[in-house]
There are 2 protein chains.
Amino acid sequence: MDYQKISKMGLFSGITPEETGKILQCLNAKEKTYRKGDCLCRAGDLVEHAGLLLTGALEIRQNDLWGNQNILSQVEVGELFLEAYACIPKTPSMVDVWALSDCAVLYLDTGHMIQSCPTACSFHTKLIQNLLGALAEKNLQLTKKIVHTSFKTIRERVLSYLSFEAVRQKKRKFLIPFSRQQMADYLSVERSALSKELGKMQRDGLIRYQKNMFEIL
Amino acid sequence: MDYQKISKMGLFSGITPEETGKILQCLNAKEKTYRKGDCLCRAGDLVEHAGLLLTGALEIRQNDLWGNQNILSQVEVGELFLEAYACIPKTPSMVDVWALSDCAVLYLDTGHMIQSCPTACSFHTKLIQNLLGALAEKNLQLTKKIVHTSFKTIRERVLSYLSFEAVRQKKRKFLIPFSRQQMADYLSVERSALSKELGKMQRDGLIRYQKNMFEIL
DNA sequence: TTCTTTTCGTGGTTATAACAACATACTTTT
DNA sequence: AAAAGTATGTTGTTATAACCACGAAAAGAA
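Residues numbered from 1 in each chain as written. Chains lettered and ligands numbered in written order. Predicted model: local features only at pLDDT ≥ 70, side-chain atom pairs only at ≥ 80, totals over all residues. Heavy atoms only, no water.

Trainee: Would you take a moment to explain the protein's contact with DNA strand C for this structure?
Mentor: The local shell around DNA strand C holds 18 residues, among which Ile154 and Lys211 of chain A together with Arg180, Ser195 and Lys196 of chain B are the closest. Protein-adjacent atoms of DNA strand C, using a 4 Å cutoff, are sugar or phosphate at a proportion of 61%. Within the side chain of Lys211 of chain A, an N or O atom sits 2.7 Å from a phosphate oxygen of DNA strand C. A distance of 2.8 Å separates a phosphate oxygen of DNA strand C from a polar side-chain atom of Arg180 of chain B. Counting residues per element, the surface near DNA strand C draws most heavily on helix H8 (residues 191–203) of chain B, which supplies four residues. (Near = heavy atom within 4 Å. Polar contact = N/O pair within 3.5 Å; in protein donor to acceptor, adjacent residues only side chain to side chain. Helix = DSSP H or I, 4+ residues; strand = E, 2+ residues; numbered from the N terminus.)

Trainee: Would you mind going over the relation of the copies chain A and chain B with me for this structure?
Mentor: Relating the two copies of this chain is a rotation about some axis coupled with a shift parallel to it. By a simple turn and slide, chain A fits onto chain B: the slide is 0.0 Å along the axis, the RMSD is 0.0 Å, and the turn is 180 degrees. On this basis, the relationship between the two copies can be described by a two-fold rotation axis. (Least-squares fit on C-alpha atoms with pLDDT ≥ 70 in both.)

Trainee: Can you walk me through the packing of helix H5 (residues 123–149) of chain A against helix H6 (residues 154–169) of chain A in this structure?
Mentor: How two helices sit against one another is set out by the angle between their axes and by the gap between those axes. Between H5 of chain A and H6 of chain A, the least distance of the axes is 7 Å, while the angle of their chain directions is 140 degrees. Here Lys144, Val147, His148 and Thr149 of chain A of H5 of chain A lie close against H6 of chain A, whose contacting residues are Arg157, Ser160, Tyr161, Phe164 and Arg168 of chain A. (Axes fitted to C-alpha atoms, helices over the stretch in contact; angles between N-to-C directions. Contact = heavy atoms within 4.5 Å.)

Trainee: I keep staring at the interface of chain A and chain B and nothing clicks. Help me out?
Mentor: When the parts come together, some accessible area is lost, and that loss is often what is quoted as the size of the interface. Across the contact, 44 residues belong to chain A and 44 residues belong to chain B. When chain A packs against chain B, the two sides together hide about 3,900 Å² of surface, and 75% of this comes from carbon and sulfur. The largest contributions to the chain A side of the interface with chain B come from Met94, Leu132 and Ile146 of chain A, which together make up 17% of the buried area. On the surface where chain A and chain B come into contact, there are zero salt bridges. Applying the counting criterion to the chain A and chain B interface returns two residue pairs in polar contact (both at pLDDT 80 or more). Within the residue set of the side of chain A that touches chain B, elements represented by two or more residues are helix H3 (83–87), helix H4 (110–115), H5 and H6 of chain A. In terms of residues, the side of chain A that touches chain B owes the most to one element, H5 of chain A, which gives 18 residues. When the residues that make up the side of chain A that touches chain B are grouped by side-chain class, the tally is 22 nonpolar, 13 polar and nine charged. (Buried area = accessible area lost by both parts, 1.4 Å probe. Salt bridge = Lys/Arg side-chain N within 4 Å of Asp/Glu carboxyl O. Nonpolar A, V, L, I, M, F, W, Y, C, P; charged D, E, K, R; others polar.)

Trainee: Sorry, what's going on with the packing of aromatic side chains here?
Mentor: In total, this model carries eight aromatic pairs over all chains according to the counting rule given. Through a chain of ring-to-ring contacts, the aromatic side chains of Tyr161, Phe178 and Tyr186 of chain A assemble into a single cluster. (Phe/Tyr/Trp six-rings, centres within 6.5 Å; stacked < 30°, edge-to-face > 60°.)

Trainee: Any chance you could explain the sheet that holds strand S10 (residues 207–210) of chain B here in plain terms?
Mentor: The pairing of strands in a sheet happens through backbone hydrogen bonds and is either parallel or antiparallel. All names here are of chain B. One open sheet accounts for three strands, arranged S9-S11-S10; its pairing is antiparallel. Edge strands, defined here as strands with exactly one partner in the open sheet, are strand S9 (173–175) and S10. Shown here is a sheet whose adjacent strand axes are inclined to one another by a mean of 20 degrees, direction ignored. Pairing of S10 with strand S11 (residues 213–216) involves four bridges; the strand directions are antiparallel. Bridging across to S11, Arg208 finds its partner in Glu215. Most of the contacts of helix H6 (residues 154–169) go to S9, to which it runs at about 95 degrees, and overall it touches S9, S10 and S11. (Pairing = 2+ DSSP bridges.)

Trainee: I'm lost on H8 of chain B in this one. Help?
Mentor: Residues separated by three or four positions in an α-helix point in the same direction, a consequence of the helix having 3.6 residues per turn. All names here are of chain B. With 13 residues, H8 ought to run about 18 Å at 1.5 Å a step, and its terminal C-alpha atoms sit 19 Å apart, in line with that. For H8, the complete set of buried residues consists of Leu194, Glu197, Leu198, Gly199 and Met201. Tucked into the core, H8 has its buried residues touching H6, helix H7 (180–186), S10 and S11. Of the residues flanking the end of H8, it is Gly205, one or two places downstream, whose phi is positive at about 75 degrees. (Expected span 1.5 Å × (residues − 1). Buried < 20%, exposed > 50% of the residue type's maximum accessible area, 1.4 Å probe, protein only.)

Trainee: Would you mind going over the sheet that holds strand S9 (residues 173–175) of chain A with me for this structure?
Mentor: Residues and elements named next belong to chain A. Taking strand neighbours across the sheet as the criterion, the three strands line up as S9-S11-S10 in an open arrangement whose pairing is antiparallel. Of all strands in the sheet, those with a lone pairing partner are S9 and strand S10 (207–210), marking the two edges. Across the sheet, the mean angle from the axis of one strand to that of its neighbour is 20 degrees, orientation sign disregarded. Across the sheet, H6 is in contact with S9, S10 and strand S11 (213–216); its angle to S9 comes to roughly 95 degrees.

Trainee: Just checking my understanding: could you explain the pattern of salt bridges for this structure?
Mentor: Where charged atoms of side chains with opposite charge meet at close range, the side chains can pair. A full pass over the atoms with the stated rule returns 14 salt bridges over all chains. A salt bridge links Glu197 of chain A to Arg155 of chain A; its shortest N-O distance comes to 2.8 Å. On the criterion of sequence distance, the pair formed by Glu197 of chain A in helix H8 (residues 191–203) and Arg155 of chain A in helix H6 is long-range, its members being 42 residues apart. A salt bridge links Arg155 of chain B to Asp204 of chain B; the nearest nitrogen and oxygen atoms lie 2.8 Å apart. One end of the pair, Arg155 of chain B, is in helix H6; the other, Asp204 of chain B, is in the loop between H8 and S10, with 49 residues separating them in the sequence. According to the relative accessible area criterion, Arg155 of chain B is partly exposed, its value standing at 22%. Accessibility expressed as a relative area gives 48% for Asp204 of chain B, which makes it partly exposed. Residues joined by salt bridges that share partners form a network here, namely Arg155, Glu197, Lys200 and Asp204 of chain A.

By themselves, these observations are geometric and do not establish any function.
What follows is the structure, given as structure tokens:
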């Protein structure tokens, strides 16, 4: 395992590569690889470990009984996933996790992360701070999606999403990480209806776009 | 301050009243009271402290620019609120917090909670575990709301919500904590449209209800 | 109690999104 | 480069929810 690289990830920020190595042993960390299109977790599964994405990309989805996709979030390298379920033992997952590309995942035992040796290993404190920050961050991500999708019209949802994205990237012209279908799933609207509305918005002079490059006017 | 009572709340579970008292001093805890209808926090405010609700009830809302209410969650006695923002300094709130009744709140400095004396005070470890659990729990709450509102029709949203509630309360006949308006806000639909759909669903033999008592058939 | 205010259900109208079907453009594979 | 597959935009139709207005019922205050 590449401690050097792993110690650069958010969860280990402020922790040296050597300490990271020790922690990973202590947490019983196990690496696992997947192929593009693999399913890492299905709704209903019991989650025992938090995942840390080492390479590739994942998508957190929720499917209803009629097959509608609902994208909750995307996971990029260095981010945690399923950490909330791992922190609350015996709670079945509400979501699916899918590999968007080939990827490698490190599974961590959050129980150990919290309970063990707070006196012995001083860096445990830093680790817990980081975990706490990650959970809080995820919280805001979810809230953000709720804010977008609570609007009633597609136009409002799009504007809400694009405004946030523009602020986050600090540009009026920016790329979004979604295809049309993904953007529609994220905003909980129908793809072709989204295309239609985007076209209207461009004609109305609100936005300009090509593919996944958007500009707010 | 009533340490006896406070130590019974989730955040202090596993911590004695005496230890709770010490922790509260250490965290620079301050109690504040509000009247029904007061606003505790507005979107855009910088949040420095997590709130612990001692008495009364709160509502976490998000309002769009056109005045639509969007209920993110309700806070009951013993629960934390704004804890995610408190854990990530300098992030402005996306939400409003309103008092549904007269209430008392204890404000806690989460920074101290994490950074200080992990060796000196062994109960700090337990406290952090509890905070972590609370954040994870809130995460699942938000995910649940997303699951409900990602459905496209009112009927599906209602069924999703009622099914979850039935499972949670382990009864087929149960009370919900919402008025019609609140239920509509939570599911992001229009009140009268919700009333209409509920009526249809009863006629179709799916559910039975009176006021906020519901039964799944 | 009576009066006031709020909540809830109903009907009708209109705006809007879902859905289906198809054409075009863009990717990927062979 | 050709072919297959995928993504995107367009159109028209239909279902559905938002919106508005109103009356009844319930809750709260005087």
